[in-house]
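Fold and contact review
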Amino acid sequence: MKKLSVKIEDKVKEKIREKIEKAGFEIEYVEFVKEGENNIFRVVLDKPNFTVDVDDCERISRLIEDDVDSLISKEYILEVS
């Protein structure tokens, strides 16, 4: 029986979803992409009826960075917007 592979984006999204929702945000999408020489793990947020500002992005980045680190072994940049 062949094991289904789970994309890293799905693993991370599942791990960080609860923290993000408790902070009052929704995950619009996540992606793990190579841009130039950099690996970028991007989390795009939504906050119904509100604008997501720079302070929100910084707060969520700090909130989830350890969880993301625990699942991604290669060097990457965490980008929250």
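The preceding data block contains the structure.
Parameters and conventions
- Residues numbered from 1 in each chain as written.
- Predicted model: local features only at pLDDT ≥ 70, side-chain atom pairs only at ≥ 80, totals over all residues.
- Heavy atoms only, no water.
- Pairing = 2+ DSSP bridges.
- Helix = DSSP H or I, 4+ residues; strand = E, 2+ residues; numbered from the N terminus.
- Axes fitted to C-alpha atoms, helices over the stretch in contact; angles between N-to-C directions.
- Contact = heavy atoms within 4.5 Å.
- Phe/Tyr/Trp six-rings, centres within 6.5 Å; stacked < 30°, edge-to-face > 60°.
- Buried < 20%, exposed > 50% of the residue type's maximum accessible area, 1.4 Å probe, protein only.
- Lys NZ or Arg CZ within 6 Å of the ring centre and 35° of its normal.
- Core = buried A, V, L, I, M, F, W, Y, C linked by side-chain atoms within 4.5 Å.

**Here we look at the sheet that holds strand S1 (residues 26-35)**
Pairing within the open sheet is mixed, and its three strands lie in the order S1-S2-S3. Bordering the open sheet on either side are S1 and strand S3 (77-80), each of which pairs with just one other strand. Taken pair by pair, the neighbouring strands of this sheet meet at an average axis angle of 15 degrees, ignoring direction. Where strand S2 (residues 38-46) meets S3, four bridges bridge the pair, whose relative direction is parallel. Within the sheet, the bridge partner assigned to Val-43 lies in S3 and is Val-80. Most of the contacts of helix H1 (residues 8-22) go to S1, to which it runs at about 145 degrees, and overall it touches S1 and S2. Packing against the sheet, helix H2 (residues 54-71) makes contact with S2 and S3, and its axis sits at approximately 140 degrees to S3.

**Here we look at the packing of aromatic side chains**
Enumeration over the complete set of coordinates arrives at one aromatic pair. Ring geometry for Phe-32 against Phe-41: centres 5.9 Å apart, planes inclined by 45 degrees, an arrangement best described as tilted. Each member of the pair Phe-32 and Phe-41 is classed as buried. Above the face of the Phe-50 ring, Lys-47 is positioned so that its terminal group lies 5.4 Å from the ring centre.

**A look at the nonpolar core**
Ile-16, Ile-20, Phe-41, Val-43, Ile-64 and Val-68 are the most contacted members of the largest nonpolar core, which has 17 residues in total. Residue assignment for this core shows that the elements contributing at least two residues are H1, S1, S2 and H2. Those residues within four positions of Ile-64 in sequence are excluded, and the remaining contacts are Ile-16, Ile-20, Val-43, Leu-78 and Val-80.

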